[in-house]
Amino acid sequence: MNQSRTELIVGIFVITGILCLGYLAIRLGKVEILGSGYVVIADFASVAGLKVGDAVEIAGVKVGRVESISLHDDRARLALRIDDSVKLPEDSIASVRARGLIGDKFIVISPGGSDKLLGLGGKIRETESPPDISEVIGKYLGGDLTSKSETKKGETK
Amino acid sequence: MLSLLVQTGRFSLRVVHGMGGMFLFLLSALFLAFRRPAKIGLILYHIKTIGVDSLSVVFLSGFFTGMVMRFQGYYSLRQFNAESWLGSATALGLLRELGPVLAAFMVTGRTGSAMAAELGTMRATEQIDALDSMAIDPIKYLVSPRIMASLIAMPLLTAIFDVVGIYGAYLVGVGLLGVSSGSYFSGMESSVVFRDVYSGFIKSVSFGLIITWVCCYKGFHAPPMATGVSRATTESVVLSFILILVWDYFLTSVML
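Residues numbered from 1 in each chain as written. Chains lettered and ligands numbered in written order. Predicted model: local features only at pLDDT ≥ 70, side-chain atom pairs only at ≥ 80, totals over all residues.

J.: Kindly report on the overall build of chain B, identifying the contributing residues and their values.
T.: Check the secondary structure of chain B and you find 9 helices and 0 strands. Reading the secondary structure of chain B in the N-to-C direction produces α-α-α-α-α-α-α-α-α. For chain B, the C-alpha atoms occupy an extent of roughly 65 × 55 × 30 Å along the three principal directions. Within chain B, the fraction of its 256 residues that count as buried is 41%. If you take every contact in chain B between residues at least 6 apart in sequence, the share linking residues at least 24 apart comes to 87%. (Helix = DSSP H or I, 4+ residues; strand = E, 2+ residues; numbered from the N terminus. Buried ≥ 20, exposed ≤ 12 C-beta atoms within 10 Å, placed from the backbone. Contact = placed C-beta atoms within 7 Å.)

As structure tokens, this is what we get:
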């Protein structure tokens with residue numbers, strides 16, 4: 001009696017603990033038990049600030065996440081895991097965007113109009129790298145800097 | 001002059017002897033834990049004393065830690081108009097640092113001290129010698145099940161602490177401070193990666209080992225008298241706290 005009561009209480013404790021651990025790992029840690037979705041590849045000139053696990057969105061709706069970031073021929077190669085329910089035409093455009101000036105980076109895909117669909121391991125050819133924040137700020141704050149460089153260009157020509 | 005050298009030598013030898021004794025104690029306890037017969041019933045009993053009995057205190061401390069973090073975070077982030085980062089700040093702080101460390105502190109105070117006192121009393125009343133004379137290895141019977149149980153119970157307790165803390169912070173943030181619940185959870189989900197959960201898990205397992213190791217060792221080798229038991233209890237709690245904090249620093253600097 002006493003032994004089985006201990007077993008029951010410990011059982012409840014262990015189940016609760018494992019549920020909490022599972023919640024943390026799957027909901028927050030985004031562990032995929034079954035590798036759902038398919039992976040497409042996209043090469044970018046720069047993905048500065050992007051992290052593994054960041055969102056992939058179409059029209060503001062999250063449809064996947066960045067699975068890996070690696071270097072391939074001096075360009076950043078991203079593997080994007082896209083939900084199975086979302087079909088991407090072959091001529092889709094992927095771009096890196098930021099939420100606000102210093103916010104998280106994420107990938108936006110604008111679906112194209114082609115009839116051919118991207119499959120497993122397909123590659124998004126058209127990509128857009130993020131605007132360099134310091135370049136943009138330089139343009140607005142130090143307008144003289146850009147104009148100087150333009151005149152220099154003019155002189156060399 | 002000579003006596004100073006002798007004093008230094010004696011002190012160093014005692015320190016080295018003590019450290020070696022602690023490591024041998026841990027190694028033999030771990031080794032014996034995997035020798036037959038396995039003490040499943042004892043392990044279950046100790047999961048109950050370490051895990052289930054600490055549940056209420058872990059629940060309360062987790063809840064209030066989450067709420068306090070929320071208030072504190074709100075106060076400092078409001079100055080930058082960055083209240084939407086509250087979710088990620090709370091979750092990362094709880095998962096990586098506060099959850100494992102505070103849960104380990106609670107278990108040390110709740111169960112570790114009891115362990116040291118129990119083993120110290122058994123030593124003082126010669127029950128450990130009695131086990132020895134009945135050819136029952138006291139380390140296998142008393143220490144190994146506690147270590148196994150703490151390795152299982154600590155990560156689970158820490159996970160419960162984290163979840164309770166996150167929801168406690170949610171209650172304060174969304175209920176009292178009026179931050180949108182969407183930005184709380186989406187900020188949390190976008191900034192936490194599996195590495196954070198994993199590093200908290202590793203920390204909690206190693207803290208569980210530290211607590212039972214230190215407390216069992218201190219209790220097991222307590223001087224057999226009333227003051228010996230009380231001193232073993234105090235020393236075990238203080239040493240556990242210090243080791244947990246130092247080890248936490250090393251793990252954080254390695255795993256960050």
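J.: Please provide a residue-by-residue account of the interface of chain A and chain B, values included.
T.: Taken together, the contact between chain A and chain B spans 23 residues of the former and 25 residues of the latter. The element best represented in the side of chain A that touches chain B is helix α1 (residues 2–28) of chain A, accounting for 17 residues.

J.: Could you give an account of the domain arrangement of chain A, naming the residues involved and the relevant values?
T.: Each domain of chain A was delimited in the assignment, giving domain 1 (1–31) and domain 2 (38–129). Taking only C-alpha atoms into account, the centre of domain 1 of chain A sits 37 Å from that of domain 2 of chain A. (Domains from an automatic or database assignment.)

J.: How would you explain the environment of R125 of chain A if you had to name every residue and give the values?
T.: All names here are of chain A. Its place among the elements puts R125 in the loop between β7 (123–124) and β8 (126–128). Overall, R125 belongs to the partly exposed group, with 13 C-beta atoms counted inside 10 Å. As a C-alpha pair, R125 and R99 span 26 residues in sequence and 24 Å in three-dimensional space.

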